[in-house]
Amino acid sequence: MSERLEETLKRALGDRTAATLAKLGLTTVGELLRHYPRRYGTPGEFTDIRSLRTGEHVTVMAQVRSATVRTMHSRGGAMLEAIVSDGRDTLQLTFFAKRTGVLRMHEDKLRPGRTGLFTGTVGEYRGKRQLTHPDYLIVGVDAADADEAIYEALRPIPIYPAAASAPTWRIARAVRTVLDPLQEADVPDPIPADLREQRGLPTLLESLRLVHEPEHASDHERGRARLRYEEALVLQTALARRRAEHAALSAVARPARTGGLVDALDARLPFALTQGQHDVGKEIARDLAADVPMLRLLQGDVGAGKTVVALRAMLQVVDAGGQAALLAPTEVLAAQHVRALRALLGPLGDGGMLGGADNATRVVLVTGSQGSRERRAALAEAAGGAAGIIIGTHALLSETVQFADLGLVVVDEQHRFGVEQRDALRSRGERPPHTLVMTATPIPRTVAMTVFGDLETSVLGERPSGRASTATHLVPAQNPVWIARTWARVREEVDKGGRAYVVCARIDPTEPPDAVDDSDADDRLDLEPAKERPPLAAATEVAAMLAERREFAGVRIGLMHGRLSAEEKDAAMARFASGETPVLVSTTVIEVGVDVPEATAMVVLDADRFGISQLHQLRGRVGRSTAPGVCLLVSSAEEGSLAYERLAALAATTDGFELAEKDLELRREGDVLGAGQSGRSSLRLLKVVRDAALIATAREDARKVIDDDPTLERHPALASAIHAWLGGDQEEFLERA
Ligand code: ADP
Ligand code: MG
């Protein structure tokens, strides 16, 4: 970045203004210039006053109707009341003062017929909405002469994301002060000149002028389009560079072997592979046979049958003399994978044991909580090579776990794992193992391209046939009749031999409401202030409450949450699976991957507290056999609220990809990339859904740039944009896979 852009605002604008802007997180000239207007006001096009909500901090464009100063006999002092209008509704502005003098100054500015921008928090007084002591700007009044006033009154007015202390026009003035003296040389352009010409784009300096000081609406549109493209290009170049770096690494090729374990497994599977499993299996087999490390993302909705696909990949590596590690996000899941894989393998997994097949391998489990003898045995098998498949939680990543020849790492439900963790295994051994990342959270193509652009993706589309679907319904929490009906419905399922999950947002009442057990910060929503909401249902309380309800007379209720030990969790799952406790009250520890085929019902309490994809995951825990499932989402979200809409969207479809797109639409901008992406390192203008075509273009362009200049040696501005803008957090999301 250039010196000019790195200059502090303190130096450029002085202490006072700098302090105000610091509240918005802006400390350098460059940061201020990248603080783009949120929208533009057009004089004559007023803000819809009816849409303002009490308590909101707003900037309103409106026309002054009247302004009257009065003295207040009762309280002493004076007040000014102005009425502004959008042509239909009105809003009151109120100013108080000891004497009328100050108010006369406002009165003089607030002349009827003038247009202004008014900033403040919407309050209510005697049923009328008002702004008290709003900050305001009257259009054209500060102009030097009549011509300038007319000009001022015609051009779009940038409206910035503002704070109470920094109203939008103060930001605008600061931006003008730093922007006006800048020269092209002060503002290095990350977009290479040839690309800029080819795409007919303005320079970075030009586009900053276009967005901050537009003369016509078409100006800021042009400026924004170019800045959006720049964001896409920077991001895609970062991804292209990663792909190139990765492709330069070499891995051990693990080609398929006829007559090996893969073939033997296929011969003993109790079902035929779906076309999707077949196709994806081929893609993976081809990747494993190459000496470039595989880096593949396998997406498949819950129940799509990813486990078998992963097992076949692992066996191909074992057939080629290597080992495979399977990383699971929780101990419950790791234990379940061991059971599931051993069951699928049968004698093929009993290597070295009586009754094991000739070429059989072994499956071992490594977790943090297992006993030291068991652990030592598992570690010995991993290090000695007797175990072909090593399954575990993050304990697998510890240095004490040694492998004889690690050829493949499978990461199940990737969103629980950080990069460092994945890389810990990748960097083990002399050559990086192949990596297969599996996720059941469907990622829209556009997001996959943006966020996971460095991975190859495979999609497991259809589900194995013969599986029933799950109907989802919304239940209003405040209606006791519906709640009773909900529990009665659960009882019906139990009586039919089914099992039911009851999911709660927290473990016990003492737990702070936002400590949702084991759930994903990425997935949680921005919530309204907790004080307005009834307390969240807690698993321990709900379990006790259900045990008392007459609907559950004679039914045993189980309890499961993240604070139980691994053995207790296993035992709770086993009692649930066997039907001893056919109702399991649980936190989201059961979210991912748990497979109890008899589960046919799920009740989610405080459903609005969960993200859409999280709920979709949860719901995937039921309807896993031929019996249809039912999912009841209990929530106090009001109809018409965003929370309600999300739940309604979930109830309306079972297609995970459609939901993911919908989720994206409903999320606030900037949320797409997950938690912690707000602030200055996130995508500012780019919207992954809307800008899909632009992103695709940028991806192509980025590929060419990297092909031509892999280290970006000849593109310093682009390289430093990647560094500056994707630094810190952002690098991490690139690595999230
Ligand atoms: P997920 O993709 O959610 O991990 P699983 O791999 O756990 O799904 O598979 C869900 C269930 O479907 C398992 O019980 C599995 O045995 C079964 N299954 C997998 N593939 C098929 C198939 N081709 N035909 C029938 N059932 C299958
Ligand atoms: Mg799974």
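I will try to describe carefully the structure that is included in this document. Keep in mind the model is a prediction, meaning the values are calculated, not measured.

### Details of the packing of aromatic side chains
With the rule as written, the count across this model stands at four aromatic pairs. Taking 6.0 Å as the distance between ring centres and 65° as the angle between the ring planes, the aromatic pair formed by W487 and F552 counts as edge-to-face. On the criterion of sequence distance, the pair formed by W487 in helix α18 (residues 480–495) and F552 in the loop between α19 (539–548) and β18 (557–560) is long-range, its members being 65 residues apart. The pair formed by W487 and F552 is uniform in burial state, with each residue classed as buried. Seen in terms of ring centroids, Y501 and F576 are 4.7 Å apart; in terms of plane orientation they differ by 50°. Their pairing is tilted. One end of the pair, Y501, is in strand β17 (residues 499–503); the other, F576, is in helix α20 (residues 566–578), with 75 residues separating them in the sequence. A relative accessible area of 0% means that F576 is categorised as buried.

### A word on the pairing of strand β10 (residues 323–327)
The buried count for β10 comes to five of five residues, which makes it a mostly enclosed element. Here β10 shows a buried face lined by Q323, A325 and L327 and a second buried face lined by A324 and L326. In terms of strand pairing, β10 meets strand β13 (residues 406–412) through five bridges, oriented parallel. Counted as the bridge partner of L327 is V411 from β13.

### Looking at the nonpolar core
Among the nonpolar cores identified, the biggest contains 37 residues, and L311, M314, I389 and L408 are the most heavily contacted of them. Elements supplying a minimum of two residues to this core: α11 (261–268), α12 (275–288), α13 (306–319), β10, α14 (331–345), β12 (389–392), β13 and β14 (434–439). With nine residues, the top contributor of residues to this core is α13. Excluding residues within four positions of it along the chain, I389 makes contact with L311, M314, L315, V318, A324, L341, L345, T361, R362, V363 and V364.

### Thoughts on the side chain of S635
Examined against the element boundaries, S635 turns out to sit in strand β21 (residues 629–635). Within polar-contact distance, the side chain of S635 engages the backbone nitrogen of A637 at 2.8 Å. Here S635 is in contact with V475, P476, A477, Q478, A607, D608 and L647, once residues within four sequence places are set aside.

### A few points about the site of ligand 1
In the neighbourhood of ligand 1, 16 residues make up the surrounding shell, with A272, Q277, G303, K306 and T307 lying closest. Between ligand 1 and A272 there is a distance of 2.9 Å, counted from a nitrogen atom to a backbone nitrogen or oxygen. Contact distances for ligand 1 include 3.4 Å between an oxygen atom and a backbone N or O atom of A304. When isolated, ligand 1 has an accessible area of 560 Å², and the protein chains bury 80% of it. Looking at the shell around ligand 1, its residues break down into six nonpolar, five polar and five charged.

### Regarding the packing of helix α9 (residues 204–212) against helix α10 (residues 217–247)
Remark: α9 packs on α10, axes separated minimally by 7 Å, with the N-to-C direction vectors making an angle of 130°. With respect to α10, the axis of α9 lies oblique. As for how α9 packs across α10, the hand of that crossing is left-handed. Judged by residue contacts, L204, S207, L210 and V211 of α9 engage D219, H220, R222, G223, R224, R226, L227 and E230 from α10. Residue composition of the contact of α9 with α10, by class: four nonpolar, three polar and five charged.

Rules used throughout
- Residue indices begin from 1 for each chain and proceed along its sequence in written order.
- As a convention, the first chain written is A and the first ligand written is 1, with the rest following in written order.
- With the structure being a predicted model, the display of local features is reserved for residues of pLDDT at least 70 and the display and counting of side-chain atom pairs for 80 or more, all residues being used for whole-chain, interface and lining totals.
- To get the side-chain values, all heavy atoms of the structure are used, and hydrogens and water are removed first.
- Working definition: a ring pair exists when centres of Phe, Tyr or Trp rings (six-membered ring for Trp) sit within 6.5 Å. Plane angles under 30 degrees give stacked, over 60 give edge-to-face, the rest tilted.
- Numbering of helices and strands starts at the N terminus; helices are DSSP runs of H or I of at least 4 residues and strands are runs of E of at least 2.
- Accessibility here uses a 1.4 Å probe with only protein chains present; expressed as a share of the type maximum, an area under 20% marks a residue as buried, one over 50% as exposed, and anything in between as partly exposed.
- The rule for pairing is simple: two strands pair if DSSP sees at least two bridges between them.
- The definition of a nonpolar core used throughout is a set of buried Ala, Val, Leu, Ile, Met, Phe, Trp, Tyr and Cys residues joined through side-chain atoms within 4.5 Å.
- The contact definition used throughout considers only heavy atoms, calling two residues in contact when any of these lie within 4.5 Å.
- Definition of a polar contact: a pair of N or O atoms within 3.5 Å, with one able to donate and the other able to accept a hydrogen when the atoms are protein atoms, and with sequence-neighbouring residues admitted only if both atoms are side-chain atoms.
- Near residues are defined by distance, with any heavy atom within 4 Å of the molecule or strand qualifying the residue.
- For accessible areas, the Shrake-Rupley method is used with a probe of radius 1.4 Å. Any residue's cover is judged against the shown protein chains and nothing else.
- Charged means Asp, Glu, Lys or Arg here, nonpolar means Ala, Val, Leu, Ile, Met, Phe, Trp, Tyr, Cys or Pro, and polar covers whatever is left, Gly included.
- Geometry is summarised by axes, namely lines fitted to C-alpha atoms with helices restricted to the contacting stretch, and by angles between N-to-C directions that run from 0 to 180 degrees.
- Roughly parallel means an angle under 35 degrees; roughly antiparallel means over 145; roughly perpendicular covers 65 to 115; every other angle is labelled oblique.
- We call a crossing left-handed when the near helix sits turned anticlockwise from the far one by less than a right angle, and right-handed when that turn is clockwise.

Spatial relationships are all this shows, so hold off on functional conclusions.
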